[in-house]
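Here are the chains, one letter per residue:
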Amino acid sequence: MRKICVLIFLLGSFTVQQESFAQYTTGIGVRAGVTNGISVRHFVGQESAIEGLFHTRWGGLLVTGLYELHKDIRDVKGLGWFFGGGAHYGTWNAKNSNRSWGDNSVSTSAYGLDGIVGLDYSFGLSAPLNLSLDWKPAINFGEGGFWWDEVGISIRYVF
């Protein structure tokens, strides 16, 4: 009987450790690439997360909201991939704008839809950090066109 209890305890401990290594609840950090800014990701389910970005591009400020689905890559502990989509809104002041579209002497705004796909690595119990590499293309309604070049790397403190 004692052997069975020890075996159940060990299997339970291993299962809990695996789940906590693969996923975190919330991560806050920085995203660098074509756009630079702050990233906040919060898991709302076992494989689903919402991510908010507050970032800059061409001298303007943008806010992006994303819904992401996360999947494990079983061969590498802590590594996964994700995909999803969302929307963004940004503003540019005529005094600070250096955007590649429109008239830079006029203040403007842009809004549109975003997609995202990337790799995600969590260090698990060894360090409270998460790294992500992603591609986030966006299409704008009105001015701005298609932004295909948004590649970024994020590092987050997780808890």
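Residues numbered from 1 in each chain as written. Predicted model: local features only at pLDDT ≥ 70, side-chain atom pairs only at ≥ 80, totals over all residues. Heavy atoms only, no water.

J.: I'd like a rundown of the overall build of the chain, residues and numbers included.
T.: A count of helices and strands for the chain gives 1 helix and 10 strands. Written out in order from the N terminus, the α and β elements of the chain read α-β-β-β-β-β-β-β-β-β-β. Considering the chain as a whole, with its 159 residues, one finds that 34% of them fall into the buried category. Considering only intrachain contacts with a sequence separation of at least 6, the fraction spanning at least 24 residues in the chain is 49%. (Helix = DSSP H or I, 4+ residues; strand = E, 2+ residues; numbered from the N terminus. Buried < 20%, exposed > 50% of the residue type's maximum accessible area, 1.4 Å probe, protein only. Contact = heavy atoms within 4.5 Å.)

J.: Mind laying out the side chain of S48, listing which residues take part and the relevant values?
T.: Along the chain, S48 turns up in strand β3 (residues 48-57). Here S48 falls in the buried class, since its relative accessible area comes to 12%. Residues contacting S48, with those up to four places away along its chain left out, are F43, Y67, E68 and L69.

J.: Could you give an account of unusual backbone geometry, naming the residues involved and the relevant values?
T.: Peptide bonds are trans in most cases, and residues, glycine excluded, mostly fall at negative phi. At W58, a residue that is not glycine, the phi angle is positive and equals roughly 55°. If you trace the backbone, W58 turns up in the loop between β3 and β4 (60-72). Taking relative accessible area as the criterion, W58 reaches 21% and is therefore assigned partly exposed.

J.: Can you tell me about the nonpolar core, naming the residues and giving the values?
T.: Counting residues in each nonpolar core, the largest one holds 6 residues, listed as L62, W92, W101, A110, A138 and W147. Sequence-distant contacts of W147, that is, excluding residues within four places in its chain, are made with R57, W58, L62, H88, W92, W101, K136, P137, A138 and N140. (Core = buried A, V, L, I, M, F, W, Y, C linked by side-chain atoms within 4.5 Å.)

J.: Can you break down the pattern of salt bridges residue by residue, with the values?
T.: Within this structure, the stated rule accounts for 10 salt bridges. Two residues, E68 and R41, come together in a salt bridge whose shortest N-O distance is 3.0 Å. Here E68, found in strand β4, pairs with R41, found in strand β2 (residues 36-43); they are 27 residues apart in sequence, far enough to count as distant. The same class applies to E68 and to R41, which are both buried. The salt bridge partner of K136 is D114, with a shortest N-O separation of 2.8 Å. Of the two residues, K136 sits in the loop between β7 (129-135) and β8 (138-141) while D114 sits in strand β6 (residues 108-122), which places them 22 residues apart along the sequence. A single network of salt bridges, built from pairs that share partners, joins R41, E51, E68, D120 and R156. (Salt bridge = Lys/Arg side-chain N within 4 Å of Asp/Glu carboxyl O.)

J.: Any details on the confidence of the model for the chain? Residues and values, ideally.
T.: Averaged over all residues, the pLDDT of the chain equals 86, while 86% of them reach at least 70. Across residues 3-22, confidence stays below pLDDT 50; counting only partners more than four residues off in sequence or on other chains, it has 11 contacts. (pLDDT = per-residue confidence, 0-100.)

J.: Could you give an account of the packing of aromatic side chains, naming the residues involved and the relevant values?
T.: Under the definition given, this model contains 7 aromatic pairs. Each ring, one from W81 and one from F83, has its centre 5.3 Å from the other, and the planes form 25°; the classification is stacked. A relative accessible area of 35% means that W81 is categorised as partly exposed. Relative to W147, the ring of W92 has its centre 6.3 Å away and its plane inclined at 80°; by these criteria the two rings are edge-to-face. Of this pair, W92 sits in strand β5 (residues 79-92) while W147 sits in strand β9 (residues 146-147); the two residues are 55 residues apart in sequence, bridging distant segments of the chain. Here the two residues W92 and W147 agree in accessibility, since each one is buried. Members of the aromatic cluster, each reached through a chain of ring pairs, are W58, W92 and W147. One cation-aromatic arrangement involves R57 over W58; the distance from NZ or CZ to the ring centre is 4.0 Å. (Phe/Tyr/Trp six-rings, centres within 6.5 Å; stacked < 30°, edge-to-face > 60°. Lys NZ or Arg CZ within 6 Å of the ring centre and 35° of its normal.)

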